[in-house]
Amino acid sequence: MRVRNRKGAGEMLAENAHIVVENPADFKGRWSERFGNDHPIHIEVGCGKGAFITGMAALHPEINYIAIDMQLSVLSYALDKAIEADLPNVQMMLVDGAALSEYFADGEIDQVYLNFSDPWPKGRHEKRRLTYKSFLATYEKILRPEGEIHFKTDNRGLFEYSLVSLANYGMELKKVWLDLHQDEEFAPQNVMTEYEQKFSQKGQVIYRLEAKFLPKK
Ligand SMILES: C[S@@+](CC[C@H](N)C(=O)[O-])C[C@H]1O[C@@H](n2cnc3c(N)ncnc32)[C@H](O)[C@@H]1O
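Remember, predicted model here, so these are calculated numbers, not experimental data.

*Asks:* Any chance you could explain unusual backbone geometry here in plain terms?
*Replies:* The phi dihedral of Phe116 falls on the positive side, at around 55°, and the residue is not glycine. When you line up the elements, Phe116 lands in the loop between strand S4 (109–115) and helix H5 (133–142). A residue is classified by how much of its surface remains accessible, and Phe116, at 8% relative accessible area, is buried. With a phi close to 65°, Glu146 is a non-glycine residue in the positive phi region. Among the structural elements, Glu146 can be located in strand S5 (residues 143–153).

*Asks:* How do you make sense of the UniProt feature "binding site: S-adenosyl-L-methionine" in the chain when you look at a structure like this?
*Replies:* Taking the numbering used here, the UniProt-annotated feature "binding site: S-adenosyl-L-methionine" corresponds to Glu44, Asp69, Asp96 and Asp118. Over a stretch of 75 residues, the named residues converge on one spot in the fold, their C-alpha atoms separated by at most 13.7 Å. Considering only the residues just annotated, the largest pocket is lined by Glu44, Asp69, Asp96 and Asp118. Structurally, Asp69 can be placed in strand S2 (residues 64–69). Not counting chain neighbours up to four residues away, the residues in contact with Asp69 comprise Gly46, Cys47, Gly48, Val74, Leu75, Met93, Leu94 and Val95. In this structure the side chain of Asp69 is engaged in a polar contact, spanning 3.3 Å, whose partner is the backbone nitrogen of Cys47. Mapped onto the elements of the fold, Asp96 is located in the loop between strand S3 (90–94) and S4. A distance of 2.9 Å separates a polar atom in the side chain of Asp96 from the backbone nitrogen of Ala98.

*Asks:* I'm lost on the site of the ligand in this one. Help?
*Replies:* Lining the immediate environment of the ligand, one finds 19 residues, of which Gly46, Asp69, Gly97, Asn115 and Thr193 sit closest. Between the ligand and Met70, the relevant distance is 3.4 Å, taken from a nitrogen atom to a main-chain nitrogen or oxygen of the residue. Protein coverage of the free-state accessible area of the ligand, which is 600 Å², stands at 94%. The pocket occupied by the ligand, as judged from atoms lying within 2 Å of grid points, is the largest pocket. Its residues assigned to classes, the shell around the ligand comprises eight nonpolar, six polar and five charged.

*Asks:* Looking at this structure, how should I read the packing of aromatic side chains?
*Replies:* Each aromatic ring pair is characterised by the separation of its centres together with the angle its planes make. Tallied over the full model, the rule gives nine aromatic pairs. Aromatic side chains Phe52 and Tyr113 sit 5.0 Å apart centroid to centroid with 65° between the ring planes, which places their arrangement in the edge-to-face category. Here Phe52, found in helix H3 (residues 51–59), pairs with Tyr113, found in strand S4; they are 61 residues apart in sequence, far enough to count as distant. Accessibility assignment for this pair places Phe52 and Tyr113 in one class, buried. Ring pairs connect the aromatic residues Phe27, Trp31 and Phe104, which therefore count as one cluster. The ring of Phe27 carries the charged tip of Arg34 above its face, separated from the ring centre by 5.0 Å. Its end group placed over the ring of Trp177, Arg208 keeps NZ or CZ at 4.9 Å from the ring centre.

Each value, and the rule that gives it
Residues numbered from 1 in each chain as written. Predicted model: local features only at pLDDT ≥ 70, side-chain atom pairs only at ≥ 80, totals over all residues. Heavy atoms only, no water. Helix = DSSP H or I, 4+ residues; strand = E, 2+ residues; numbered from the N terminus. Buried < 20%, exposed > 50% of the residue type's maximum accessible area, 1.4 Å probe, protein only. UniProt positions renumbered as here; feature names shortened; annotations may be inferred. 1 Å grid on protein atoms, 1.4 Å probe; cavity = no way out; pocket = protein on both sides within 12 Å on 5 of 7 lines; lining within 4 Å. Contact = heavy atoms within 4.5 Å. Polar contact = N/O pair within 3.5 Å; in protein donor to acceptor, adjacent residues only side chain to side chain. Near = heavy atom within 4 Å. Areas by Shrake-Rupley, 256 points an atom, 1.4 Å probe, with all protein chains shown as cover. Sits in = over half its atoms within 2 Å of the grid points. Nonpolar A, V, L, I, M, F, W, Y, C, P; charged D, E, K, R; others polar. Phe/Tyr/Trp six-rings, centres within 6.5 Å; stacked < 30°, edge-to-face > 60°. Lys NZ or Arg CZ within 6 Å of the ring centre and 35° of its normal.

The structure is reproduced here in structure tokens:
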């Protein structure tokens, strides 16, 4: 088992600079060069230990994925998975999702995934929720016109908050699931996250939504 102290994880990320981008701002507007192709780019903000994004990348070699988290230790687990699976279409960034417009040009991203984001239930922490309006404004800026957000969570409070936040922002809710794992049609394409595995094993319902930004008038 790898050593997961801060130094060990930091060294691991530095040793794998071909996967974990050290200076992501250098690639703003040039991510297709980094990947070596023009495939669509999907990002996951708050990727945690990376089961979702590495699973998606293995299933969809025609899409480029960027895993984003601001915790060094969890990103090192995601890196383990990417190395193990030897995925040419995965890159990683150790950054705060609030600053994404420093790293991506307007319209450079095709899709944003948010999975089991921290709920921050206290009202005074609302601004930290990844579906708060300032985060939505950032996603809108970096997404192509009509780009989508796909969000899933076990947390009913955060889900309800997010439905309202997205609607207030003027996004179109394309589809909503109130019990994702009961949807047999969606099941074959559902790649589970670590939190999803943990909470669904405990019998918790998983909520999901797909929403898109509408063209500005
Ligand atoms: C509850 S975990 C979920 C991890 C994973 N998506 C899953 O479903 O297993 C939330 C993750 O989001 C990350 N996170 C929270 N706020 C973030 C932000 N502003 N920018 C980047 N990552 C963030 C945390 O560090 C944590 O790893």
